[in-house]
Amino acid sequence: MEWRMQAVRGATTVPENTVEAIEEAVTELLDELEKRNQLHPTDMISVTFTVTKDLDAVFPAAIARQRPFWDNVALLDVQQMHVEGSLERCIRFLVHVYLPASTPIHHIYLRQAKNLRPDWSFSPSLPAKERAF
């Protein structure tokens, strides 16, 4: 089986700049990343998180680092470039991971971030057969 490095993108939003809100959103985002792509952190090379300038209560990488097996993944937090009128209170990620070459990639866009890439969005609350892919 041929393996290759892949990039997976995703984003979510939070209702407020609090540790609790950010922790809930990041956890939901990473749960969906692992589940939808059948990823294990030991296959991950690195994850870069970006946050909009209105989020500074906690680092998303600090939340990720608490997850099982994530302590050996290279994690980085940076501030997203501000563009007037862009989506507020948004957390994005770019994950580099080794996957079998034939594995489809599922980018994860949740909450208000669905509007960034409606073509890649789905509703995690719906059964798989009812999701629009």
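Residues numbered from 1 in each chain as written. Predicted model: local features only at pLDDT ≥ 70, side-chain atom pairs only at ≥ 80, totals over all residues. Heavy atoms only, no water.

**Some thoughts on the nonpolar core**
Part 1 of the reasoning: Counting 28 residues, the largest nonpolar core has Leu33, Met44, Val47, Phe49 and Phe93 as its most contacted members.
Part 2 of the reasoning: Of all the secondary-structure elements, those providing two or more residues to this core are helix H1 (19-37), strand S2 (44-51), helix H2 (60-65) and strand S4 (90-100).
Part 3 of the reasoning: For this core, the leading source of residues is H1, giving seven residues.
Part 4 of the reasoning: With residues up to four places along the chain from it excluded, the contact list for valine 47 reads Trp70, Val73, Ala74, Leu75, Leu76, Phe93, Leu94 and Val95. (Core = buried A, V, L, I, M, F, W, Y, C linked by side-chain atoms within 4.5 Å. Buried < 20%, exposed > 50% of the residue type's maximum accessible area, 1.4 Å probe, protein only. Helix = DSSP H or I, 4+ residues; strand = E, 2+ residues; numbered from the N terminus. Contact = heavy atoms within 4.5 Å.)

**Here's the deal with the pairing of strand S1 (residues 3-13)**
Part 1 of the reasoning: Relative to S4, S1 is paired through 11 bridges, and the arrangement is antiparallel. From the neighbouring strand, alanine 11 faces S4, where its bridge partner is arginine 92. (Pairing = 2+ DSSP bridges.)

**What to know about the sheet that holds S1**
The strands that make up a sheet are held in pairs by hydrogen bonds between backbone atoms, and each pair lies either parallel or antiparallel.
Part 1 of the reasoning: Across the sheet, five strands lie side by side as S3-S2-S4-S1-S5; this open sheet has mixed pairing. Among the strands making up the open sheet, the edge pair consists of strand S3 (74-79) and strand S5 (108-109).
Part 2 of the reasoning: Looking at chain direction, S2 and S3 are connected through six bridges and run parallel. Bridged to serine 46 within S3 is alanine 74.

**Overview of H1**
Part 1 of the reasoning: For H1, with 19 residues, the first-to-last C-alpha span of 27 Å sits near the 27 Å given by 1.5 Å per residue.
Part 2 of the reasoning: Among all positions of H1, only Ala21, Ile22, Ala25, Val26, Leu29, Leu30, Glu32, Leu33, Arg36 and Asn37 are buried. Along the long axis of H1, the arc covered by the buried residues comes to 155°, so they all point the same way. Exposed and facing more than 90 degrees away from the buried side of H1 are Glu20 and Glu24.
Part 3 of the reasoning: Buried residues along H1 sit in contact with S1, S2, H2, S4 and S5.
Part 4 of the reasoning: Just downstream of H1, glutamine 38 is the residue with a positive phi angle, here 50°. (Expected span 1.5 Å × (residues − 1). Arc of directions from axis to C-beta.)

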